[in-house]
Amino acid sequence: MPALNTIPIDKLVRLVGTAKGPAIIDVRTDEDFTADARLIPGAVRRPWAEVANWATDYRGKDVVVVCREGHKLRQGAAAWLRQAGADAEALDGGVHAWIQAGHPMVPEAALPARDAQGRTVWVTRARPKVDRIACPWLIRRFVDPNAVFLFVAPAEVAGVAERFGATPFDVEGDGVTWSHDGERCTFDVMVDGFGLGGLKPLTHLALIVRGADTARPDLVPEAAGLVALSLGLSRIFADDLEQLDAGMLVYDALYRWCRDATGETHDWGSHQPKGARAKPVPA
């Protein structure tokens, strides 16, 4: 049985990547982090020694604190967070137990440099359709929940990236890491590059995104539906950031379908009152 104010690994696994998942804070010492510079998906690093200064940032939020093996650092930081008004728990067993259970970790080296507020900053072409909504969803749900996205004219992406310290994605150009690779779309590249390929729901979702983004709806039936939704959203919203906010819900739903509901079907006839007969279709 987990100790008081702790969360078991299997429960956190179900919350990672979901819209209502907790903030995950990694308080490992610099020495411990250097020994294994990877993060639980969606986690951010905060210095445990300064918890009294940053704890109020999480007032009113659900938080899970992790350290190397789940002892004094995570317990102390979680207690400080609760004192500051957060609903904070510590991960039972810490990062070590998470890795031992075979769950994915995001390499810190794969992440771009962060800005002064600790956020990753990304830039891409304006008027997004598929990849340029799917990739921000992936980043915010599994890599950096505070990531910032800049949508600019295609010709200005490289210049904005250089001047504003942003990382370009889903664009062509020398030195661009996050873009199409052969038949794989940018979402595919990010899933692998961030060490998330072991998550079967994500690899399933990647197939849908690939089919929709590369005009191959024959890959999976859902790809055609994603094309329709993506084009519809682009017509509804003139503001790219508003479109991204709406698109987050679309990908949240697709991810949960990939994870929990691919075997379900909906038969409207099964919901009719007992003994009712379906009406004949007019000739």
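**Topic: the overall build of the protein chain**
Alright, step 1. Looking only at helices and strands, the protein chain features eleven helices and ten strands.
Alright, step 2. Projected onto its principal axes, the C-alpha coordinates of the protein chain cover approximately 75 × 60 × 30 Å.
Alright, step 3. Within the span of the protein chain, comprising 283 residues, buried residues form 42% of the whole.
Alright, step 4. If you take every contact in the protein chain between residues at least 6 apart in sequence, the share linking residues at least 24 apart comes to 67%.
Alright, step 5. When the accessible surface of the protein chain is totalled, it reaches about 15,000 Å², and 54% of it is carbon and sulfur.
Alright, step 6. Within the protein chain, one finds 32 positive and 37 negative side-chain charges whose respective centroids are separated by 6 Å.

**Quick word on empty space enclosed by the protein**
Alright, step 1. If you walk through the whole model with that rule in mind, you get one cavity of 30 Å³ or more.
Alright, step 2. Approximately 30 Å³ is the volume found for the largest cavity.
Alright, step 3. Around the largest cavity sit Lys129, Ile133, Leu226, Leu229, Ser230, Leu233, Gly247, Val250 and Tyr251, which together line it.
Alright, step 4. Sorting the residues of the lining of the largest cavity by element identifies helix H10 (222–236) and helix H11 (240–261) as the ones contributing at least two each.
Alright, step 5. Per-element accounting of the lining of the largest cavity gives the leading share, four residues, to H10.
Alright, step 6. Across the lining of the largest cavity, the residue classes break down as six nonpolar, two polar and one charged.

**A word on the pattern of salt bridges**
Alright, step 1. Following the criterion strictly, the structure yields 19 salt bridges and no others.
Alright, step 2. With its nearest N and O atoms 2.9 Å apart, the salt bridge here joins Asp252 to Arg141. Here Arg141 lies in helix H6 (residues 131–142) and Asp252 lies in helix H11, a separation of 111 residues in the sequence. Judged on exposure class, the residue Asp252 and its partner Arg141 are both buried.
Alright, step 3. Ionic pairing is found between Arg210 and Asp188, a salt bridge with its closest N-O pair at 2.8 Å. With Arg210 in helix H9 (residues 200–213) and Asp188 in helix H8 (residues 186–193), the pair connects residues that are 22 residues apart, well separated along the chain.
Alright, step 4. Judged by its relative accessible area of 21%, Arg210 is partly exposed.

**Let's talk about the packing of aromatic side chains**
Two aromatic rings, taken as a pair, are described by how far apart their centres are and by the angle between their planes.
Alright, step 1. A full pass over the atoms with the stated rule returns eleven aromatic pairs.
Alright, step 2. Between Trp137 and Tyr255, the ring centres sit 5.8 Å apart and the planes meet at 50°, which makes this aromatic pair tilted. In this pair, Trp137 is assigned in helix H6 and Tyr255 in helix H11, connecting sequence segments 118 residues apart. Like Tyr255, Trp137 is buried.
Alright, step 3. Aromatic pair Phe142 and Tyr255: ring centres 5.5 Å apart, planes at 75°, arrangement edge-to-face.

**Overview of the sheet that holds strand E8 (residues 121–125)**
Alright, step 1. Taken together, three strands build an open sheet; the order of strands is E9-E8-E10 and the sheet is parallel. The strands lining the two open edges of the sheet, one partner per strand, are strand E9 (148–152) and strand E10 (167–168).
Alright, step 2. Two strands pair when backbone bridges link them, and E8 and E9 are joined in this way by five bridges, in the parallel orientation. For Val121, the partnering residue across the bridge sits in E9 and is Val148.

**Some thoughts on the pairing of strand E2 (residues 23–26)**
One face of the sheet, then the other: side chains in a regular strand alternate in exactly this way.
Alright, step 1. When E2 meets strand E5 (residues 62–66), the two strands line up parallel, connected through four bridges. By the bridge assignment for E5, Asp26 is matched with Val66.
Alright, step 2. Note: E2 against strand E4 (residues 43–45), three bridges, orientation parallel. Each residue of the ladder has a partner; that of Asp26, found in E4, is Arg45.

Reading guide: rules and limits
- Along each chain, residue indices are assigned from 1 in the same order as the chain's sequence is written.
- Local features in a predicted model are, by the rule used here, given only for residues with pLDDT of at least 70; side-chain atom pairs are given and counted only at 80 or more, and totals for whole chains, interfaces and linings are based on all residues.
- Calculated side-chain values reflect all of the structure's heavy atoms, with hydrogen atoms and water omitted.
- Secondary structure counts use DSSP, requiring at least four H or I residues in a row for a helix and at least two E residues in a row for a strand, with both numbered from the N terminus.
- Remark: exposure states derive from per-residue accessible area (1.4 Å probe, protein chains only) relative to the maximum for the residue type, with buried under 20%, exposed over 50%, and partly exposed in between.
- Any two residues having at least one pair of non-hydrogen atoms within 4.5 Å are treated as being in contact.
- In these tables, accessible area is a Shrake-Rupley quantity obtained with a 1.4 Å probe, and a residue counts as shielded only by the protein chains included in the view.
- In summary, the charge assignment counts Lys and Arg as positive and Asp and Glu as negative, without counting His or the chain termini.
- In this description, the location of a charge corresponds to atom NZ of lysine, CZ of arginine, CG of aspartate or CD of glutamate.
- Buried and open spaces are told apart on a 1 Å grid over the protein atoms alone, a cavity being a set of points where a 1.4 Å probe fits but cannot get out and a pocket being an open set with protein on both sides within 12 Å along at least five of seven lines. Residues with an atom within 4 Å of a point are the lining residues.
- Grid points are joined across faces, edges and corners, and a volume is the space filled by probe spheres set on the points.
- Amino acids outside the nonpolar list (Ala, Val, Leu, Ile, Met, Phe, Trp, Tyr, Cys, Pro) and the charged list (Asp, Glu, Lys, Arg) are all regarded as polar, and Gly is one of them.
- The term salt bridge refers to a pairing of a side-chain nitrogen on Lys or Arg with a carboxyl oxygen on Asp or Glu at a separation within 4 Å.
- We call Phe, Tyr and Trp rings a pair once their centres come within 6.5 Å, taking the six-membered ring for Trp, and we label the pair stacked below 30 degrees between planes, edge-to-face above 60, and tilted otherwise.
- For two strands to pair, DSSP has to find at least two bridges joining them.

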